[in-house]
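Here is what each chain is made of, one letter per residue.
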Amino acid sequence: MAMNLQLSVIGCGYLGVTHAACMSSLGFNVVGVETDARKVAMLQKGELPFYEPGLDTLLAQEIASGRLTFTTDVSAIKDADLHFICVGTPQRSDSFAADLTYVDSAIEAIAPHLKPGALVAGKSTVPVGTAQRLRERLAVTAPQAELAWNPEFLREGFAVEDTLRPNRLVVGVTSDRAEEILKQAYEPVIALGTPWIRADLPTAELVKVAANSFLATKISFINAMAEICEAADGDVTVLAQAIGYDPRIGNKFLQAGIGFGGGCLPKDIRAFMARAEELGAKQALEFLREVDAINLRARLRVIEVVRSELGRDLTARKIAILGTTFKPDSDDVRDSPALDIAVQLHRAGAQVLVHDPKGIKPAKARFPELNFEEDVYTTLKDAELTLHLTEWKEYRALDPVEIASIVKDKIMIDGRNLLNRELWRAAGWKFRALGRSD
Ligand code: UDX
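Residues numbered from 1 in each chain as written. Predicted model: local features only at pLDDT ≥ 70, side-chain atom pairs only at ≥ 80, totals over all residues. Heavy atoms only, no water.

### Re the overall build of the protein chain
Step number 1: Tallying secondary structure elements over the protein chain gives 18 helices and 14 strands in all.
Step number 2: Taking 438 residues into account, the globule formula puts the C-alpha radius of gyration at 22 Å, and the protein chain, at 23 Å, falls close to it.
Step number 3: In terms of overall dimensions, the protein chain has C-alpha extents of about 70 × 50 × 40 Å along its principal axes.
Step number 4: Counted over contacts in the protein chain with a minimum sequence separation of 6, partners at least 24 positions apart contribute 73%.
Step number 5: Roughly 18600 Å² of accessible area belongs to the protein chain as shown, and the carbon and sulfur atoms make up 54% of that amount.
Step number 6: Computing the positive centroid from 51 side-chain charges and the negative centroid from 59, the protein chain places the two 1 Å apart. (Helix = DSSP H or I, 4+ residues; strand = E, 2+ residues; numbered from the N terminus. Rg over C-alpha atoms; globule rule 2.2 N^0.38 Å. Contact = heavy atoms within 4.5 Å. Areas by Shrake-Rupley, 256 points an atom, 1.4 Å probe, with all protein chains shown as cover. Lys, Arg positive; Asp, Glu negative; His and termini not counted. Charge placed at Lys NZ, Arg CZ, Asp CG, Glu CD.)

### Comments concerning unusual backbone geometry
Step number 1: Positive phi outside glycine occurs at Asp382, with the angle close to 65 degrees.
Step number 2: Along the polypeptide, Asp382 turns up in the loop between helix H15 (376-380) and strand S12 (385-388).
Step number 3: For Asp382, a relative accessible area of 38% puts it in the partly exposed group.
Step number 4: The residue Asn417 is not glycine, and still its phi comes out positive at about 55 degrees.
Step number 5: Considering the arrangement of structural elements, one finds Asn417 in the loop between strand S13 (411-414) and helix H18 (421-426). (Buried < 20%, exposed > 50% of the residue type's maximum accessible area, 1.4 Å probe, protein only.)

### Description of the nonpolar core
Step number 1: Judged by nonpolar contacts, the single largest core of 44 residues is most densely connected at Phe70, Leu82, Phe84 and Leu182.
Step number 2: Here this core gets 7 residues from one element, more than from any other, and that element is helix H1 (residues 14-25).
Step number 3: Ranked by size, the runner-up nonpolar core spans 29 residues in total, among them Val305, Ile321, Val333 and Leu434. (Core = buried A, V, L, I, M, F, W, Y, C linked by side-chain atoms within 4.5 Å.)

### Considering the sheet that holds S12
Step number 1: Ordered by their spatial adjacency, 6 strands build an open sheet running S11-S10-S9-S12-S13-S14, and the pairing between neighbours is parallel. This sheet does not close on itself; its edge strands, each paired only once, are strand S11 (371-373) and strand S14 (430-433). Strand after strand, the sheet turns through a mean of 25 degrees between neighbouring axes, direction not considered.
Step number 2: Of the strand pairs in this sheet, S12 and S13 are connected by 3 bridges, and their pairing is parallel. (Pairing = 2+ DSSP bridges. Axes fitted to C-alpha atoms, helices over the stretch in contact; angles between N-to-C directions.)

### Quick notes on the pairing of strand S1 (residues 6-10)
When a strand is regular, its side chains alternate between the sheet's two faces.
Step number 1: Counting buried positions over the 5 residues of S1 gives 4, a clear majority of the element.
Step number 2: With 5 bridges connecting them, S1 and strand S2 (residues 29-33) associate as parallel partners. If you follow Val9 over to S2, its bridge partner there is Gly32.
Step number 3: Note on the crossover from S1 through H1 to S2: the handedness is right-handed.
Step number 4: Where S1 meets strand S4 (residues 82-85), 4 bridges bridge the pair, whose relative direction is parallel. Bridge pairing in S4 places Ser8 opposite His83. (Right-handed = clockwise from strand over helix to strand, strands pointing away.)

### Regarding the pattern of salt bridges
Step number 1: Applying the stated criterion to the full structure yields 38 salt bridges.
Step number 2: The closest approach of N and O atoms between Lys267 and Asp268, which form a salt bridge, is 2.9 Å. Taken as a pair, Lys267 and Asp268 share a single burial class, namely buried.
Step number 3: The partner of Lys381 in a salt bridge is Asp382, and the shortest N-O contact between them spans 3.4 Å.
Step number 4: For Lys381, a relative accessible area of 44% gives the class partly exposed.
Step number 5: Here the salt bridges share partners, and the residues they tie into one network are Arg270, Asp292, Arg299, Asp335 and Asp340. (Salt bridge = Lys/Arg side-chain N within 4 Å of Asp/Glu carboxyl O.)

### A short note on the packing of helix H12 (residues 286-310) against helix H13 (residues 337-347)
Step number 1: At a minimum axis separation of 10 Å, H12 and H13 run at an interaxial angle of 45 degrees. By the angle between their directions, the pair H12 and H13 is classed as oblique. The element H12 and its partner H13 pack so that their crossing is right-handed. Here H12 contributes Arg299, Leu300, Val302, Ile303 and Val306 to the contact with H13, which in turn contributes Pro337, Asp340, Ile341, Gln344 and Leu345.
Step number 2: Grouping the amino acids of the contact of H12 with H13 by side-chain chemistry returns 7 nonpolar, 1 polar and 2 charged. (Parallel < 35°, antiparallel > 145°, perpendicular 65-115°, else oblique. Left-handed = near helix turned anticlockwise from the far one by under 90°. Nonpolar A, V, L, I, M, F, W, Y, C, P; charged D, E, K, R; others polar.)

### With respect to the domain arrangement of the protein chain
Step number 1: By domain assignment, the protein chain separates into domain 1 (2-199), domain 2 (209-291) and domain 3 (301-433).
Step number 2: Here the C-alpha centroids of domain 2 and domain 3 sit 24 Å apart.
Step number 3: Counting from both sides, the interface comprises 18 residues of domain 2 and, opposite them, 15 residues of domain 3.
Step number 4: For the domain 2 and domain 3 pair, buried surface summed over both sides reaches about 1200 Å², with 48% attributable to carbon and sulfur atoms.
Step number 5: One can count 3 salt bridges joining domain 2 with domain 3.
Step number 6: In this structure, Glu230 engages Arg301 in a salt bridge whose closest nitrogen and oxygen atoms are separated by 2.9 Å.
Step number 7: Where domain 2 meets domain 3, there are 7 residue pairs in polar contact (both at pLDDT 80 or more).
Step number 8: Elements that contribute at least two residues to the side of domain 2 that touches domain 3 include exactly helix H9 (201-232), helix H10 (236-244) and helix H11 (265-278).
Step number 9: At 4 residues, the largest contribution of residues to the side of domain 2 that touches domain 3 is made by H9.
Step number 10: A breakdown of the residues in the side of domain 2 that touches domain 3 according to their chemical character gives 6 nonpolar, 8 polar and 4 charged. (Domains from an automatic or database assignment. Buried area = accessible area lost by both parts, 1.4 Å probe. Polar contact = N/O pair within 3.5 Å; in protein donor to acceptor, adjacent residues only side chain to side chain.)

Printed below as a string of structure tokens:
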């Protein structure tokens, strides 16, 4: 029964490709629609336009199975029963609000091709109220179809795992029938014991931004504690470990450092504030402004540590930067604290050399003026100071004794609080980190 459902995925970026490949791996026929012909050409060949562990293999396997196809032709969705909207909702260039252009045009584009009884399930992160507005629009353009909202919580680096084994499934629906269709689609995932939450449309939309706001708040909380630890000669890593043993607090997302970035957390908290203001509930989310400010301050604080080591004038000082992506196991540099710090140091006149296992190409596309190095040892050569900014495994595997002879000065600043301080100090390095005073 379940396997008879035909699916479409509208928008084949990070979320769409992951969702399409994962649903195909569950046995469904899936057609992915994407307006960018270059992306479609790659995907049709089973090539992934970005880096995500395990997704390349899954994509190739599902294309080969014949269940998964990609096209630029939106009319290819006409036989599908269930359509997942996976287009992006970036921050608008003129305000904090989300840009809904892609969501709106996706709905317009599919409307004429929806078959009677088709269910459209939005997965994109949208301001609360969008689903109701789209529902009203569909009632005009495609009264034969129905709308639901099904937010996505996947993390980059764990996209496949989070899609096939999510910690919950949330569906915002306005009828039992819509819930039933979504249950059919997720049957194998539900069978794993995944909690299933039925909500109304606004609540489903809110769950996503509420979750991301909470995560952002947790990170900024520990970074605020890092500031206090620095002022009071404490150690935020010990503090985080100690408070984390309280199960009400928990030990996850308490890693102090240069803060959060990426395509979700920063833009989602800003769009949430903008939406709250529109709703007349601005005050309720004032704290997110502080969360944002603490987060951006972490980037400046690490630059202050650099200046305290090298002096105010950074002109021509040679700085090695380890990491450009916003997190490891990703090639995503959107709003990356690491890349931001590299750019700021470059603009201050320093001679920065930047390394990343996966993020050089996208970083170069944004900031061609930076110097990038494919080889980590060449990056470190003659460095007067080294910054560890993205917590890739390979950086933790670096041997401080071995690289001591490569750099000019043995100064390591750990922007992620993940290197083994004792090991580096034993090898003669001056080791500094955010939130640790000594
Ligand atoms: C996030 C949410 O986790 C996910 O559920 C949602 O669907 C999309 O947004 P993602 O952007 O992939 O996922 O990254 P995440 O793992 O949440 O990390 C976000 C940022 O916070 C990274 O820059 C990371 O380095 C930083 N971070 C995370 C910290 O600085 N400290 C921590 O303790 C945890």
